[in-house]
Amino acid sequence: MDLGLKGKTALVTGAGSQIGFGKATALLLAKEGCEAVAVTDVNLEDAEKTAGAIRKLGCKSIAVKADITSPAEVASMVKKVIAEYGKIHILCNVAGGIIHKDNIPIDEQDPAVWEKQLKLNLVGTMNVSRAVVPTMRAQKYGVIVNIGSGSTHQYAMGVGTYAMSKYAIDLFTKQLAFVEGKSGIRVNCVAPGPAPTNFGAILREDMPDPPTEEMKKMRAAMLGSFPLGRMGTAADIANATVLLASDVTSYITGQVIHVSGGSVI
Amino acid sequence: MDLGFKGKVALLTGAGSQIGFGKAIALLLAREGCDAVAITDINLDYAKLTAEAVKALGCKSLAVKADVTDKDQVQGMVKKVVDEYGKIDILVNVAGAILGGGPLEEQKQDLWDREIGLNLYGTMITSQAVLPYMHKQGSGVIVNIGSGSTRMYSHGVSTYAMAKGAVDTFTKQMAIAEAKNNIRVNCVAPGPSPTNFIKAPNKQTVIDMLAKQIPMGRGATPDDIANATVFFASDVSGYVTGQVLHVSGGSVLD
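Since this is a predicted model, take the numbers as computed values, not measurements.

Draft legend 1. Here's a closer look at the nonpolar core. Counting residues in hydrophobic clusters, the biggest one holds 94 residues, and the most contacted among them are A:L29, A:V37, B:L12, B:L29 and B:V37. Dropping the residues within four chain positions of it, A:V37 is found in contact with A:A10, A:V12, A:A26, A:L29, A:A30, A:I54, A:C59, A:K60, A:S61 and A:I62. Counting 30 residues, the second largest nonpolar core, distinct from the first, contains B:V9, B:V74, B:Y85 and B:A95.

Encoded structure:
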């Protein structure tokens with residue numbers, strides 16, 4: 001199926017991690033015919049690696065450093081991308097992090113961490129969207145895909161500010177979709193289940209630290225919990241994200257699609 | 001993007017209408033490389049027209065008559081398809097219709113029964129008939145057609161919307177029950193579209209009127225629905241199950 005991405009310029013945030021959803025999405029956008037895929041990350045060296053991998057596929061790419069929690073850094077990053085490519089058709093808001101771990105009783109949680117967590121995932125996504133929307137409006141065309149999380153519906157994991165920040169992204173997706181529908185901008189959200197990225201370190205074969213007995217038990221329990229019998233992969237998330245970024249889904253807006261093997265229904 | 005349909009056999013119900021979602025989905029599955037796309041409808045003449053259009057794309061096809069509310073007819077139809085092609089990899093449950101409406105006190109219970117029988121039981125009966133074959137081959141994909149009406153309360157108390165709401169729940173329950181058998185079940189919920197579900201003679205006029213309330217300013221096209229359905233039917237969505245995706249231009253957000 002031709003996804004109609006020829007001639008399109010995309011911007012992917014949080015695309016530095018070499019095992020994350022951002023890089024997988026950026027590479028798939030390139031493979032499917034985008035003319036340019038700009039990548040941004042708080043870590044420029046990592047972003048450069050992803051940009052290099054994109055260029056190897058014959059697609060234009062630049063890496064720009066930006067901390068998405070800083071409106072000024074975001075504005076200058078977006079300006080740089082537009083100066084280079086003249087437009088942004090597709091924005092994939094992948095940047096985020098788990099600062100506040102789930103499974104901590106509320107009285108042991110630090111309000112300063114709540115603020116940091118909400119600022120990174122929610123306000124960060126809002127900052128980048130805010131910087132890109134005027135360009136999309138002027139083009140009368142734009143597609144935004146936010147990365148949500150299955151944790152929004154997995155209450156057993158505990159009171160997690162991470163889950164709450166991602167649930168707020170679901171709402172941001174719907175509200176922005178409603179408001180910008182008539183400007184020709186679509187906004188959707190892909191909500192991944194646990195995957196072996198930096199977020200789901202416990203699922204990785206090459207877990208950075210030697211796992212404790214408790215971690216091993218948790219890993220086994222998680223692996224046994226997926227209805228489809230396996231954990232998600234970055235490719236699963238990239239497939240859904242690129243589909244939503246393409247004109248194949250030109251009548252879909254304001255939707256959250258869970259790519260979690262049936263963990264969230 | 002290669003959707004991996006090479007060698008796959010699909011079965012579509014309610015694919016007779018020449019302006020409906022079923023035909024658009026059947027043609028897209030054929031174009032994207034399915035080996036065979038079998039067509040069923042209560043109206044055999046219409047099903048044959050779709051089958052011919054599928055064959056014109058170089059894909060195998062077969063038209064079989066079946067009333068999806070009749071278990072015996074459905075089981076016979078499914079057997080005929082399996083006899084012909086050896087398996088069914090993809091089932092798309094499109095058959096359905098809007099039969100009634102109006103204020104609750106004027107509604108007749110026999111119409112409720114027929115509306116739920118067609119939209120909910122029809123989907124269940126067809127899935128029930130196909131499942132044993134999917135179990136035998138160790139894989140399968142089912143895509144149900146839901147409806148945006150499940151979330152548009154201003155349209156009134158409609159049995160159609162309730163039946164489609166039950167199709168959403170059926171999708172989720174089947175997804176969990178069948179995940180271990182490597183069968184995925186998802187649902188595409190369309191917004192208003194100029195198909196036979198709109199009874200007025202000038203369907204597009206009705207859609208254009210409705211479109212004023214739609215954030216994206218237009219109604220759905222059969223192609224919009226076919227694209228989403230084919231995504232769920234393909235291995236590209238291999239980790240997606242139990243989901244209801246609204247293809248309604250932002251009409252349904254929650």
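Still more ground to cover, so stick around.
Draft legend 2. Broad picture of the interface of chain A and chain B. Residue-level contacts link 36 residues of chain A with 38 residues of chain B. Interface area, chain A with chain B, both sides summed: about 3,300 Å², of which 64% is carbon and sulfur. It is A:M1, A:Y251 and A:I265 that lose the most area in chain A upon contact with chain B, and together they represent 28% of the buried surface on that side. Across the contact surface, chain A and chain B share zero salt bridges. For the pair chain A and chain B, the number of links is 19 residue pairs in polar contact (both at pLDDT 80 or more). Partitioned by chemical class, the residues of the side of chain A that touches chain B number 19 nonpolar, eleven polar and six charged.

Draft legend 3. A look at the packing of aromatic side chains. Residues and elements named next belong to chain B. The tally for this structure, following the rule as stated, stands at two aromatic pairs over all chains. Arranged with centres 5.9 Å apart and planes meeting at 65°, the rings of Y160 and F197 form a pair that is edge-to-face. With Y160 in helix 5 (residues 159-179) and F197 in the loop between strand 6 (183-190) and helix 6 (203-211), the pair connects residues that are 37 residues apart, well separated along the chain. According to the relative accessible area criterion, Y160 is buried, its value standing at 7%.

Draft legend 4. Region of interest: unusual backbone geometry. For A:K140, which is not glycine, the phi dihedral falls at a positive 55°. Mapped onto the elements, A:K140 comes out in the loop between helix 4 (111-139) and strand 5 (142-147). Positive phi values are uncommon outside glycine, yet B:N182 reaches one of about 65°.

Draft legend 5. Representation of the side chain of B:T50 in the model. Residues and elements named next belong to chain B. Take T50: it is sitting in helix 2 (residues 44-55). Classification of T50 by relative accessible area gives buried; the value is 0%. Within the structure, the side chain of T50 is placed 2.6 Å from the backbone oxygen of A15, a separation counted as a polar contact. Here the side chain of T50 touches Q18 through a polar contact of 2.9 Å, side chain to side chain. Ignoring sequence-local partners within four residues, the contact set of T50 consists of A15, G16, Q18, K23, A26 and I39.

Scoring rules and cut-offs
- Residues numbered from 1 in each chain as written.
- Chains lettered and ligands numbered in written order.
- Predicted model: local features only at pLDDT ≥ 70, side-chain atom pairs only at ≥ 80, totals over all residues.
- Heavy atoms only, no water.
- Core = buried A, V, L, I, M, F, W, Y, C linked by side-chain atoms within 4.5 Å.
- Buried < 20%, exposed > 50% of the residue type's maximum accessible area, 1.4 Å probe, protein only.
- Contact = heavy atoms within 4.5 Å.
- Buried area = accessible area lost by both parts, 1.4 Å probe.
- Salt bridge = Lys/Arg side-chain N within 4 Å of Asp/Glu carboxyl O.
- Polar contact = N/O pair within 3.5 Å; in protein donor to acceptor, adjacent residues only side chain to side chain.
- Nonpolar A, V, L, I, M, F, W, Y, C, P; charged D, E, K, R; others polar.
- Phe/Tyr/Trp six-rings, centres within 6.5 Å; stacked < 30°, edge-to-face > 60°.
- Helix = DSSP H or I, 4+ residues; strand = E, 2+ residues; numbered from the N terminus.

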